[in-house]
Amino acid sequence: MTSPDSHAPTIDSPEPINIPEPRAERYNPHAIEAKWQAQWDADHLYRFDPAASGEKYYALTMFPYPSGNLHIGHWYSYCAPDARARYLRMNGRNVLFPMGFDSFGLPAENAAIKNNLNPREWTYANIDYMTGQFRRMGTMIDWSRQFATSDPAYYRWNQWFFTEMFRRGLVYKKEGLVNWCPRDQTVLANEQVVGGHCERCGAPVERRNLSQWYMKITDYADELLDFGSTDMPERVRAMQTHWIGKSVGAEIDFATPAGLETVFTTRPDTLLGATFLVLAPEHPKVAALTTPEQQEIVRAYLELAGGKTDVERQQSSEKTGVFTGSYATHPITNDQLPIWVADYVLVSYGTGSIMAVPAHDERDFEFARAFGLNIAEVIRPAGGEPMDMQSAYSGEGLIVNSGEFDGMPGGKASIAKVIARMEALGFARARTTFRLRDWLISRQRFWGTPIPIIYCPEHGAQPVPESELPVLLPADVKFAPSGQSPLKGDAEFQKATCPVCGGAAERDTDTMDTFVDSSWYMFRFTSPDFDGGPWDRHVADALMPIDLYTGGIEHAILHLLYSRFWTKVARDLGLSTISEPFKVLRNQGIILGPDGEKMSKSRGNVIDPDDLVREYGADTVRTYLAFIAPWEVGGPWDKSGINGPAKWLSRVWALYFDSIRGPAETVSEHDLRYAVHSTLKKVGGDFERLSFNTIVAALMELTNTLVKAKRSPVAHTPAWAEALEIFNLMLAPLVPHIAEEIWTETGHSRSVHLQHWPAVDEAAAERDTVTIGVQVGGKVRGEVQISRTATQTEAIDAARANPDVARYVEGKETVKEVYVPGRIINIVVR
RNA sequence: GCCGGAGUGGCGGAAUGGCAGACGCAUUCGACUCAAAAUCGAACGGGAAACCGUGUGGGUUCGACUCCCAUCUCCGGCACCA
C-alpha cells in the first residue's frame, strides 16, 4: 500500500461514484472509527518510506511526555498538524509525520517514589496507553518509527554525543554557583529557572556551590542570534534574542589594592562620570579588598545576601550594599573611587563588578542617593540644562566634564572612538558579553541518561569508551531523595575501571538533563533503528530540516534554543550539513478551561478528550478543535460549541446516505460547480497558511450549498456526482474516518487517504457574473450584477443605472470613477 | 521599566486596502409532534429613520478592521544583565 504508484491520481479518470440508497442508520461514529483505525493499521496505510516518490515533507509536532494521559491540549496540538500532513500527502508530498515519547524525567521518578514501583514500568505502561489514545485520534502517525528517549538504543547516543563533545572541549566540568531546586532535589540550568522559580515544580530556586557538567552553548552565542534560514514567530525570536543577550561595550581596568579589577560597561563614554566601583557579593576579590575596620559589616552583608534566594533578591526594590574600605584608582583622573559590595551587581554577568556612573544609570543613581556617593554629570542633552539631580539621564547627548572627550556625542555614536582612544592609553579594550550561560546538564536524579564518565584516581575524569556504551541505567534502585543521585546508592553501578590504566575507578552517578534527549530526536526519526550512529546521515540529509515544527510556546527558549545549538554541534561533528533543525516553527495556542483559566485538576476545569470521543466520536472532536479558534491563538473550551461540528457531520452523512428534509430548491449546475471549486481553492490555501478554523467554515458553507442542491434537480446531473466526490476528498484530511466510510460506501476500492487532492477547475472557481458593491464617495450605496470581465465603462454605466446609486450621483459633477474588477465600483462626486 | 502580541455582535470568530460581522454557538419565533428531542424554515450589531458602527484621537487613500503617527486597555515574556 505504500508503494509510490499507490498514490496514483484518480481525479483525471475518476472511478464512478455510486450514489447510495438511503440507509436506515444515522451517522454513528462509533460504528466506523475503530473499524477504520484497525484497517489502516493492518494495511500499513501510513507507513513512511524515505525512498518513495514525491518531494519530502517533514512535519513534526513536539513529542509528549508519557504522563499517562493525552489531554485536550495534546489533541489540539496534534489534530490540526495531522490534517495538514494528510493534506500534503494527498498533494503528492512524501510526508514524514512521526511520533515518539520524551520519556525520561522526574514525574516517572516521583510516581515511583510515591507508589513504590519502577519508573521504567510506569513509563512504558503509560506509553502503551497513550499510543492507543493517539490511534483513537485517527492520526496518520507511522508507528513503526516510534521510539522513547528512555530506550537504551536511544540514550546510548546521548552518551556518545557527550563523549564526542567532551573530547572537543564542548563539555566540561566546573565548580561554581548553580541553581538548586530544593523540592526536586537537583540542580537546574539557567533556562529552567523562571522568575527565580523552578520551571518544573515552581519552588523558589536556591544557590549552591557545586561541581557540575556543562555544555558550551556560549561558543555558539553569536550564531544562535542569527535566525537567517529559520522562520519563527516574532515573539520566539525576541525571547531567544533577549535570552542570549548580546551587549557590545568595553572592559576597563581599575587599579585596586587587590590588583587590577576589570569592569564591563556598554557606556565607556561615561567613564569620567564613574564615581565608585561595585562588586557582586560573590566576587572573589571582596575578601581581599575589605579593610579590617569594615570586616564585620561586610561579613554581615555577605551572610545576608548569601542567604537570600534569587526571588528575595529581586523582590526587594531597595538598594543595599556596604563599603569595603578600599579605593580604586580612576584610570584617567587618578581619583580614588570607593569600592562597594552590593547585590544589585550580579556575579554571573560581565566580570561581576561595575564602574558606577550614577549620573547616567538609574540603578547607580539610586545607589548613590541611598549612600550619599558622588554624582558627576558627563553627558548633557544637546542644548540642555545641567542635570537636576532628580534622576539619572541615560539618553544621548554631548560629552561634558571629560577633558579630551568633551564635545563628542555621547552614546552609540562615539563609543567606538572612545574605546579606541582608551585602548591606546592601555587600560581598556572592546568587549562583547552575553547573558547566555553554558548549559548545566548534570542532574542528581535517577530517571535519565547516565553521564558516561569514569573518575580514575590517577587519570581524572575519563569518557567511557564508545565500545562500552551504553552505560545502562540499573534496573533496580533505591530512591532516597537526598540531594544525591539515587545511583550513588548503587555500588555495583559505580564500580568501573579506568579506560586509560585499567585501574579501579568510579562512575559519575548523575544523569543528564532531559532536554538533552529532546535536542536531537527530530534527527532520530529519520532513521529510528539505525545503530551505526545517532542517525543515518544519508537519510537525515535527505529529510532534515523539519519543514514545519509545531508545539507550545513554553519551549520558546528551552527546547528550541537547545535543539538549535545541538544541530550546530552535530554539523560541526560532521553528522549533518544543516545549521537549523527546522525551516518553520509555529506555536499552537492553549485551550483553556470553560472558566477561561488554565486547565488543572485542582481547579476542576479539565476537559477529557476520551469522554468527548465516547460521546461524539474522534472526527467531531477533531473538527471542533480545528474550528474553536484560530489555531495559533486558542481560547476557552465552550461546551455547547461542539454541537456545531456534531450537527455538521450528521448533515454530511445525510448528504450521502439519507434523504434531506426541507423545501425544494433551485441550484444551477453552474452555481454548484462554483461552490465546489471555489471551496476547493480556499481550503487548499487555508491548509498552506494553517488557517484551520476557516477550512471548517468553508466546508460547512459548502455543505449548506450541497444540502440545497440535493433538494434541487441539479442532484441528477454529473455536476452533483463530481461535487460529492470532491467534497469527500476534501473531508479526508480533517475527518479521516467518516471520509473513509463514505468513500468506500460510494463504490471505491482503495482508501480515500491514498487519493490525490482534487485539482481546481479555475474557470469554475470564478463566477461569470459577479455582484459587486457600488460606492459613491466611498460610501456603499448599492450593488450591481455585472460580468466578471466587464470593462470600466460597462461597470460604471451599470452602476449609474442603479436607482440607489443614481440618487446620489445625479446632478453632481463626477470627480473620479474607480472600478476594481470583481471588487468594487466607486464614483466620486462633488 | 524593556520586549512581543492582541483589541470586531451576547459568545468563538471571518474579512491578506474594496459590500464589516462569513462559518458556528447561544437566544427567539415558526413548521413537524399528543408532547419533547431530533430535523426543517426564519430572525438575530445599534437606530423609527437619516444614518452610526471594528478600543480612542489624528493621518494617508477614490476607498482603512487592514497602512502610518499618537494614545488607552488587555494578554504573554524578561526583569537590577551595567
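Since we're looking at a predicted model, the values are computed, not measured. (Residues numbered from 1 in each chain as written. Chains lettered and ligands numbered in written order. Predicted model: local features only at pLDDT ≥ 70, side-chain atom pairs only at ≥ 80, totals over all residues.)

### What to know about the overall build of chain A
Part 1: Summing up its helical and strand segments, chain A has 27 helices and 32 strands in all.
Part 2: In terms of overall dimensions, chain A has C-alpha extents of about 105 × 85 × 50 Å along its principal axes.
Part 3: Per-residue burial over chain A gives 44% buried out of 830 residues.
Part 4: When contacts within chain A are restricted to residue pairs at least 6 apart in sequence, those whose partners lie at least 24 apart make up 71%. (Helix = DSSP H or I, 4+ residues; strand = E, 2+ residues; numbered from the N terminus. Buried ≥ 20, exposed ≤ 12 C-beta atoms within 10 Å, placed from the backbone. Contact = placed C-beta atoms within 7 Å.)

### A look at the pairing of strand β30 (residues 779-787)
Here is the key point about a regular strand: its side chains alternate between the two faces of the sheet.
Part 1: Relative to β30, strand β29 (residues 769-776) is paired through eight bridges, and the arrangement is antiparallel. Looking at the pairing, valine 774 lines up with glycine 782 of β30.
Part 2: Following β29, the chain reverses through two residues before pairing antiparallel with β30; glycine 777 in that reversal takes a positive phi of roughly 60°. (Pairing = 2+ DSSP bridges.)

### Topic: the packing of helix α19 (residues 618-627) against helix α20 (residues 643-657)
Part 1: Relative orientation of the contacting elements α19 and α20 amounts to 125°, with a least axis distance of 8 Å. Classed by the angle they form, the pair α19 and α20 counts as oblique. Crossing hand, α19 versus α20: right-handed. When α19 is examined against α20, the residues Asp619, Thr620, Thr623, Tyr624 and Phe627 are found in contact with a partner set consisting of Pro645, Ala646, Trp648 and Leu649.
Part 2: Here the contact of α19 with α20 is built from residues that sort into six nonpolar, two polar and one charged. (Axes fitted to C-alpha atoms, helices over the stretch in contact; angles between N-to-C directions. Parallel < 35°, antiparallel > 145°, perpendicular 65-115°, else oblique. Left-handed = near helix turned anticlockwise from the far one by under 90°. Nonpolar A, V, L, I, M, F, W, Y, C, P; charged D, E, K, R; others polar.)

### Remarks on the protein's contact with RNA strand B
Part 1: Looking at RNA strand B, there are 67 residues lining it, with Ser247, Gly644, Gly773, Gly778 and Arg823 nearest.
Part 2: Counted by class, the surface near RNA strand B contains 22 nonpolar, 27 polar and 18 charged residues. (Near = placed C-beta within 6 Å.)

### Brief notes about the sheet that holds β30
Part 1: Taken together, four strands build an open sheet; the order of strands is β30-β29-β32-β31 and the sheet is mixed. At either margin of the open sheet sits one strand with a lone partner, and together these are β30 and β31 (814-820). If you compare each strand with its neighbour and ignore which way they point, the axes differ by 20° on average.

### Some thoughts on the packing of α19 against helix α22 (residues 692-710)
Part 1: Axis separation between α19 and α22 bottoms out at 7 Å; the angle between their running directions is 120°. Residues Thr623, Ala626 and Phe627 of α19 pack against Phe692, Asn693, Ile695 and Val696 of α22.
Part 2: Along the lines of polarity and charge, the residues of the contact of α19 with α22 split into five nonpolar, two polar and no charged.

### Examining the domain arrangement of chain A
Accessible area lost upon the coming together of the parts serves often as the stated size of an interface.
Part 1: Along its sequence, chain A is carved into domain 1 (1-44 + 644-765), domain 2 (156-216 + 438-515), domain 3 (247-433) and domain 4 (767-829).
Part 2: Between domain 1 and domain 3, the C-alpha centre-to-centre distance is 71 Å. (Domains from an automatic or database assignment.)

### As for the nonpolar core
Part 1: Among the nonpolar cores identified, the biggest contains 152 residues, and Ala626 and Ala723 are the most heavily contacted of them.
Part 2: Per element, the largest residue contribution to this core is 11 residues, and it comes from helix α2 (residues 72-90).
Part 3: Taken domain by domain, this core gets at least three of its residues from each of domain 1 (1-44 + 644-765) and domain 2 (156-216 + 438-515).
Part 4: Leave out the neighbours within four places in its chain, and alanine 626 touches Cys79, Ala80, Ala83, Phe692, Asn693, Ile695, Val696 and Leu734.
Part 5: Counting 49 residues, the second largest nonpolar core, distinct from the first, contains Val286, Ala328, Ala368 and Val378. (Core = buried A, V, L, I, M, F, W, Y, C linked by C-beta atoms within 7 Å.)

### Observations concerning the environment of proline 645
Part 1: Along the chain, proline 645 turns up in helix α20.
Part 2: Once the C-alpha coordinates of proline 645 and glycine 352 are considered, the two residues, 293 residues apart in sequence, prove to be 59 Å apart.
Part 3: In contact with proline 645, other than residues within four places in its own chain, are Thr620, Thr623, Tyr624 and Phe627.

### Concerning unusual backbone geometry
Most of the time, phi is negative for any residue but glycine, and the peptide bond is trans.
Part 1: For the peptide bond that leads from leucine 469 to proline 470, omega is 0°, which places it in the cis range.
Part 2: Along the chain, the position of proline 470 falls in the loop between β21 (460-463) and α13 (491-494).
Part 3: Cis geometry marks the peptide bond from methionine 544 to proline 545, where omega comes out at 0°.
Part 4: Locating proline 545 in the fold gives a position in the loop between α16 (537-543) and β25 (546-551).
Part 5: One non-glycine residue with positive phi stands out, namely asparagine 334, at about 65°.
Part 6: Its location among the elements puts asparagine 334 in the loop between β11 (322-329) and β12 (336-341).
Part 7: For leucine 690, which is not glycine, the phi dihedral falls at a positive 60°.
Part 8: The residue leucine 690 is located in the loop between α21 (669-688) and α22 in this model.

### Regarding the confidence of the model for chain A
Part 1: Averaged over all residues, the pLDDT of chain A equals 91, while 96% of them reach at least 70.
Part 2: In the predicted structure, residues 1-14 sits below a pLDDT of 50 and forms 22 contacts with residues beyond four places in sequence or in another chain.
Part 3: With pTM at 0.93, the complex prediction returns an ipTM value of 0.96. (pLDDT = per-residue confidence, 0-100.)

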